[in-house]
Amino acid sequence: METRILGISEKDIQVAADILKTGGLVGFPTETVYGLGANAMDSEAVGKVYAAKGRPSDNPMIVHIAGEKEMERLTDVITPDMKRLMEAFWPGPLTMVVPARPEVPRVTTGGLDTVAVRMPDSSTALELIREAGCPLAGPSANLSGHPSPTTAAHVYDDLHGRIDAIIQGEPCKVGIESTVIDMTSDKPMILRPGIITPEELSTALGKDVGIDPAILKKPEIVKGDGLLETGEDFKPKSPGMKYKHYAPKAEMIIFKGDPEKVRLAIAEEKLLRTGYGQKVGIIIYDNDNPKEAAHRFFAQLRAFDKSGVDVIMAAALEEDGVGLAVMNRMFKSAGYNIREVK
Ligand code: TXA
Ligand code: MG
């Protein structure tokens, strides 16, 4: 399949929308990461998304909408809490898991009776959804298991020849995927951390939100097929959490501990590794600016892979606020290969 590269002109958005209307797949920009769009209400089109990504079929899609009205096509239940979050954070990097209407194909929801919905903060994405006239299923536009794409070139690297078109839009501002919050019970529960933090969510709701304990937990065994074999107590509510994720080709080690000691430990390990003739990539972010870390992380993993490094050494950030979201990705990328620095 020839993958068309499109721009963001009205004409090109029209071409992309026509592809979506006829059941095709289009890579599109959002403020978080690039998405792989398909008509969310068309089972066959969504089926092609799983195939193009090599994604397990019980891992459901996030459905993207362009207006609050479209929410009514997807769910019968819009609670005051949901309204508050829409008001505070949409369009933006927040996904809400809500009860799904029967019309939402179970291929889209990975067989669940709930559906994950978000309104992206990207004018290109919003125009595309409006022109296509349907909500868009949009997982991150990477091959399953690879780091999420934050530029159109990343999407091309992973998916050219496997999808119909890529819209070459702006690089992503946020750089990691949206915060996912489950709104189906009284106490909202964060299933995936993002740059909208637990604190911001509880402020907007005027009540506590829960955090799924699976978020930072180390699963037990990683099997060859990318499935994680997990202990009895590892029961994430978000199916995506149980798969191997975001992995660079290089070996990756996370150094955790006092920042100064971590720097030294990384420098020492670098000397050792370069002595063996290895090529080393180093990731050290400013703890006071985790948003910048979020913005750069996936792109850096991809850049290191392109330059052929053998090992990536990363300094851990503090696991609160946006740092929690970055560390959730970093732990998975490294396959939980963590070195405690004393
Ligand atoms: O920022 C984002 O959310 C990006 C952009 C493209 O919008 N999309 C994205 O989609 O990250 P994806 O498919 O890579 O991740 C979706 C996550 C997965 O962890 C999945 O398991 C979870 O959301 N999810 C989707 N539907 C769910 C549901 N009904 N219940 C619980 N978790 C759900
Ligand atoms: Mg993804």
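Just above, that's the structure.
The structure contained in this document is the topic of the report that follows. (Residues numbered from 1 in each chain as written. Chains lettered and ligands numbered in written order. Predicted model: local features only at pLDDT ≥ 70, side-chain atom pairs only at ≥ 80, totals over all residues. Heavy atoms only, no water.)

1. Remarks on the packing of helix α4 (residues 80–89) against helix α7 (residues 198–205)
The cut-off we apply is this: To get an axis, fit a line to the C-alpha atoms, keeping to the stretch in contact for a helix; angles then go from 0 to 180 degrees between the N-to-C directions. Labels follow the DSSP assignment, with helices taken as runs of H or I lasting at least four residues and strands as runs of E lasting at least two, numbered in each case from the N terminus. An angle below 35 degrees is treated as roughly parallel, one above 145 as roughly antiparallel, one from 65 to 115 as roughly perpendicular, and anything else as oblique. Helix crossings get a hand from a simple test, with the near helix turned counterclockwise from the far one by less than a right angle marking a left-handed crossing and a clockwise turn marking a right-handed one. The contact rule is simple, with two residues in contact once any of their heavy atoms fall within 4.5 Å. Here the term charged refers only to Asp, Glu, Lys and Arg, the term nonpolar to Ala, Val, Leu, Ile, Met, Phe, Trp, Tyr, Cys and Pro, and the term polar to all other amino acids, Gly among them.
The interhelical angle for the contact between α4 and α7, taken along N-to-C directions, is 120°, at an axis separation of 9 Å. It follows that α4 is oblique to α7 by the angle criterion. Here the hand of the crossing between α4 and α7 comes out right-handed. Contacts between α4 and α7 pair Asp81, Arg84, Leu85, Ala88 and Phe89 from the former with Glu200, Leu201, Ala204 and Leu205 from the latter. In terms of residue class, the contact of α4 with α7 is made up of 6 nonpolar, no polar and 3 charged.

2. A closer look at the packing of aromatic side chains
The line we're drawing: Pairs were defined over the aromatic rings of Phe, Tyr and Trp, the Trp ring being its six-membered one, requiring ring centres within 6.5 Å. Orientation was assigned from the angle between planes: stacked under 30 degrees, edge-to-face over 60, tilted for the rest. Burial here depends on accessible area, computed with a 1.4 Å probe over protein chains only, as a share of the maximum for the residue type. Under 20% is buried, over 50% is exposed, and the range in between is partly exposed.
For the structure on display, the rule yields 3 aromatic pairs. For the pair Tyr246 and Phe298, a centre-to-centre distance of 4.9 Å together with 45° between the ring planes defines the contact as tilted. Taken together, the residues span a long stretch of sequence, with Tyr246 in the loop between β13 (228–229) and β14 (251–257) and Phe298 in helix α9 (residues 290–306) at a distance of 52 residues. Accessibility expressed as a relative area gives 3% for Tyr246, which makes it buried. When its relative accessible area of 0% is taken as the criterion, Phe298 is described as buried.

3. Regarding the pairing of strand β16 (residues 311–315)
For clarity, the threshold we go by: If DSSP finds at least two bridges between two strands, the strands pair. With its strands directed away from the observer, a crossover is right-handed exactly when the path from the first strand over the helix to the second travels clockwise.
The buried count for β16 comes to 5 of 5 residues, which makes it a mostly enclosed element. Bridge analysis of strand β15 (residues 280–283) against β16 gives 4 bridges, and the strand direction is parallel. Within β16, the position partnered with Ile282 by the bridge is Met313. Running through α9, the crossover from β15 to the neighbouring parallel element β16 is right-handed.

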